[in-house]
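# Architecture at a glance
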Amino acid sequence: MCGIADTVINSLVQVGNNFSKLLMLVGPAFSGKTQCLKEVSERINIPQLNLGVELSKKLIELSIKQQVLRVSGLTKEIINNVHSDVALVDNIEILFNPDLKVDPIRLLLNCSRNKTLVVAFSGMHVDDSIIYAEPQHPEYKKFKVEDYKVISF
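Notes on the structure in this doc start here.

Criteria and thresholds
Residues numbered from 1 in each chain as written. Predicted model: local features only at pLDDT ≥ 70, side-chain atom pairs only at ≥ 80, totals over all residues. Heavy atoms only, no water. Helix = DSSP H or I, 4+ residues; strand = E, 2+ residues; numbered from the N terminus. Rg over C-alpha atoms; globule rule 2.2 N^0.38 Å. Buried < 20%, exposed > 50% of the residue type's maximum accessible area, 1.4 Å probe, protein only. Contact = heavy atoms within 4.5 Å. Areas by Shrake-Rupley, 256 points an atom, 1.4 Å probe, with all protein chains shown as cover. Lys, Arg positive; Asp, Glu negative; His and termini not counted. Charge placed at Lys NZ, Arg CZ, Asp CG, Glu CD. Pairing = 2+ DSSP bridges. Axes fitted to C-alpha atoms, helices over the stretch in contact; angles between N-to-C directions.

Bringing the overall build of the chain into the picture now. Summing up its helical and strand segments, the chain has five helices and eight strands in all. When its helices and strands are written in sequence order, the chain yields α-β-α-β-α-α-β-α-β-β-β-β-β. In summary, the chain has a C-alpha radius of gyration of 15 Å against a globular reference of 15 Å for 153 residues, a match within 12%. Projected onto the principal axes, the alpha-carbon positions of the chain cover approximately 40 × 35 × 30 Å. Counting every position in the chain, which comprises 153 residues, the buried fraction comes to 45%. Expressed as a percentage of contacts within the chain between residues at least 6 apart in sequence, the contacts between residues at least 24 apart total 73%. Surface accessibility of the chain: about 8200 Å² in total, with carbon and sulfur atoms responsible for 49%. Charge centroids of the chain, computed over 17 positive and 17 negative side chains, lie 5 Å from each other.

What follows is the structure in structure tokens.
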């Protein structure tokens with residue numbers, strides 16, 4: 001059981017009233033984010049989306065150049081195909097692949113204009129930023145927390 005599930009559910013109304021309806025669940029790998037999404041999914045009957053699997057299926061047949069051109073549109077399409085006003089999004093690591101040349105947070109913010117997104121983010125919440133990977137890692141990114149809400153694990 002995810003003790004934070006109540007906080008997530010209670011935050012949906014507030015987040016849903018924002019221009020960008022994005023709620024990030026931030027914590028290290030194996031901190032309970034996926035389990036929390038599963039519990040929220042079961043409690044309020046909202047589908048859970050494995051973005052990594054779904055996006056990989058669509059990108060695999062494309063060249064790298066085509067992937068760069070289409071990754072944002074395909075991500076939006078996958079999220080918009082969730083038949084709910086809220087999408088629970090897990091396994092977003094594919095968006096951090098440097099070859100795709102996409103800003104993962106900007107993309108998720110854009111997707112959250114039409115649908116409330118609760119996204120599991122493997123990383124750290126430090127001060128006013130969320131951080132993905134270690135500074136020496138090629139996928140390292142640091143994002144200032146603006147226009148979205150963070151729940152830390």
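Next, the rest of the story.
Our next topic: the sheet that holds strand β5 (residues 124–126). Across a sheet, strands are paired by hydrogen bonds formed along the backbone, either parallel or antiparallel in direction. Pairing is antiparallel in the open sheet, where three strands are placed in the order β5-β6-β7. Single-partner strands in this sheet number two, and they are β5 and β7 (141–144). Pairs of neighbouring strands in the sheet enclose a mean axial angle of 25°, with direction left out of account.

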